[in-house]
Amino acid sequence: MSAIPYTIRRSPRARHARILVAPEGIEVVVPRRFPLREVEPFVAEKRRWIERTLRRMRESESVLPAARLHDGGEVPYLGERLGLSVRVEPGRARAHVAPRGAVLQVAIGQPGRDALRVALERWYRRRARIEIGVRLDAATAGAGSRYSSLQIRGQRTRWASCSSSGAMSFNWRLLLAPAEVVDYIVEHEVAHLEVQDHSARFWALVASRCPDSRRHESWLRRHGHALRL
């Protein structure tokens, strides 16, 4: 596996070994007592999947360029690209992010990608509550249904959920996707207010409200891994 370097991280919460593939590298997460001698065979077994995932990531970069977190960089927002104007103000306790046309003006207390990423994530979370809330209200009104609550989360692998009580949860990273994909996810979850499973009846209901649902679902499967700061 010398052609595909990876790092190893022990996690007290891990129950099984797993591989995380990201643009910045490959990480193997193993339980605390997992024998290190078994890591390389495990990675070798998953080599084809790793290569396939890396290839898919490269293809996604042409469709959805990665965020560039620095002054003069840019980030995706509902299918558009917002420029970044970053100002470091030593001593500032709380970061400030304000949109000015097609530019996000950001003030942070210390330099670095991590500080900028944290500030932007907080802004995206606030915006997600607004953007998704408006869409959710419109979709439920059109469907003649109601939801009980809305939460914005940052799950690693889940885009949204709808409980049997009508509690809605959406991932803030959806705002990194095109607006029509967000619209689809909202309609998908609103349909779950009527049909909790993924039966043929459910998909027919989604298609009736979002005719391009299959295309949007396919886009998320292919490029969802790239929706990150």
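Residues numbered from 1 in each chain as written. Predicted model: local features only at pLDDT ≥ 70, side-chain atom pairs only at ≥ 80, totals over all residues. Heavy atoms only, no water.

### Observations regarding the overall build of the chain
Selection rule: Runs of H or I in DSSP of at least four residues are treated as helices and runs of E of at least two as strands, each being numbered from the N terminus. Burial classes follow relative accessibility: with a 1.4 Å probe on protein chains only, a residue under 20% of its type's maximum area counts as buried, one over 50% as exposed, and anything between as partly exposed. Contacts were defined at the residue level, with two residues in contact if any of their heavy atoms lie within 4.5 Å.
The number of helices and strands found in the chain is six helices and 10 strands. Each principal axis of the C-alpha atoms in the chain carries an extent, and together these give about 55 × 50 × 35 Å. When the 229 residues of the chain are sorted by exposure, 42% land in the buried category. Taking the intrachain contacts of the chain between residues at least 6 apart in sequence as the baseline, contacts between residues at least 24 apart amount to 44%.

### What about the sheet that holds strand S9 (residues 160-162)?
Where strands meet in a sheet, backbone hydrogen bonds hold them as pairs that are either parallel or antiparallel. Our working rule: By definition, two strands form a pair when at least two bridges between them are found by DSSP. Working convention: axes come from line fits to C-alpha atoms, limited for helices to the stretch in contact. Angles between N-to-C directions cover 0 to 180 degrees.
Strand order across the open sheet formed by three strands is S8-S10-S9, with mixed pairing between neighbours. Edge positions in the open sheet fall to strand S8 (149-153) and S9, since each of these has one partner strand only. For this sheet the average axis-to-axis angle between neighbouring strands, irrespective of direction, equals 15°. Packed on one face of the sheet, helix H3 (residues 113-143) meets S8 and strand S10 (167-171) and runs near 140° to S8.

### Thoughts on the sheet that holds strand S2 (residues 18-22)
Spatially, S1-S3-S2 is the arrangement adopted by the three strands of the open sheet, whose pairing is mixed. Each edge of the open sheet carries a strand with a single partner, namely strand S1 (7-11) and S2. Taking the axes of each pair of neighbouring strands and ignoring which way they run, one obtains an average angle of 25° across the sheet. Against the sheet, helix H2 (residues 47-63) contacts S2 and strand S3 (25-31), and its axis sits at roughly 25° relative to S2.

### A few points about a positive patch on the surface
The cut-off we apply is this: Within the patch definition used here, like charges are joined within 9 Å and nonpolar side chains (Val, Leu, Ile, Met, Phe, Trp, Tyr) within 5 Å, considering only residues with over 30% relative accessible area and no salt bridge. For the area figures, the Shrake-Rupley method with a 1.4 Å probe applies, and any residue is considered shielded solely by the protein chains shown. The rule for a salt bridge is simple: a side-chain nitrogen of Lys or Arg has to be within 4 Å of a carboxyl oxygen of Asp or Glu. Positive charges come from Lys and Arg alone, negative charges from Asp and Glu alone, with His and the N- and C-terminal ends not counted. By convention, charge coordinates are those of NZ in Lys, CZ in Arg, CG in Asp, or CD in Glu.
Together, Arg48, Arg52, Arg55 and Arg58 line one region of the surface with positive charge. Inspection of the secondary structure puts Arg52 in helix H2.

### Quick word on helix H5 (residues 200-209)
Our working rule: To be clear, the arc concerns the directions from the helix axis to the C-beta atoms.
Taken together, the buried positions of H5 are Phe202, Leu205 and Val206. Taken around the axis of H5, the buried residues stretch over an arc of 100°, which confines them to a single face. Set apart from the buried face of H5 by more than 90 degrees, the exposed residues are Ala200, Arg201 and Ser208. On its buried face, H5 is in contact with helix H4 (179-191) and helix H6 (213-223).

### Remarks on the confidence of the model for the chain
What counts here: The predictor reports its confidence for every residue as pLDDT, a score running from 0 up to 100.
Averaged over every residue, the pLDDT of the chain is 92; residues scoring 70 or more account for 99%. Of all secondary-structure elements in the chain, the lowest mean pLDDT belongs to H2, at 83, while H4 reaches the highest, 98.

### Remarks on the pattern of salt bridges
For the structure on display, the rule yields 13 salt bridges. One salt bridge in this structure joins Arg125 and Glu121, with 3.1 Å as the shortest N-O distance. Here Arg125 pairs with Glu121, and both are found in helix H3, just four residues apart, close to one helical turn. Bridged by salt links that share partners, the residues Arg127, Glu131, Arg135 and Asp183 form one connected network.

### Some remarks on the state of the cysteines
Heads up, the rule is: Note on terminology: disulfide denotes any pair of cysteine sulfur atoms within 2.5 Å.
Evaluated as defined, the whole model comprises zero disulfides. Here Cys162 stays unpaired: no disulfide links it, and the sulfur of Cys210, its closest cysteine neighbor, is 17 Å away.

### Thoughts on the pairing of strand S7 (residues 103-108)
Put simply, side chains in a regular strand alternate between the two faces of the sheet. Relative to S7, strand S5 (residues 80-88) is paired through six bridges, and the arrangement is parallel. Its bridge partner lying in S7, Val88 is registered against Ile108. Pairing of strand S6 (residues 96-100) with S7, which is carried by five bridges, proceeds in the antiparallel orientation. Across the sheet, the residue bridging to Pro99 is Leu104, located in S7.

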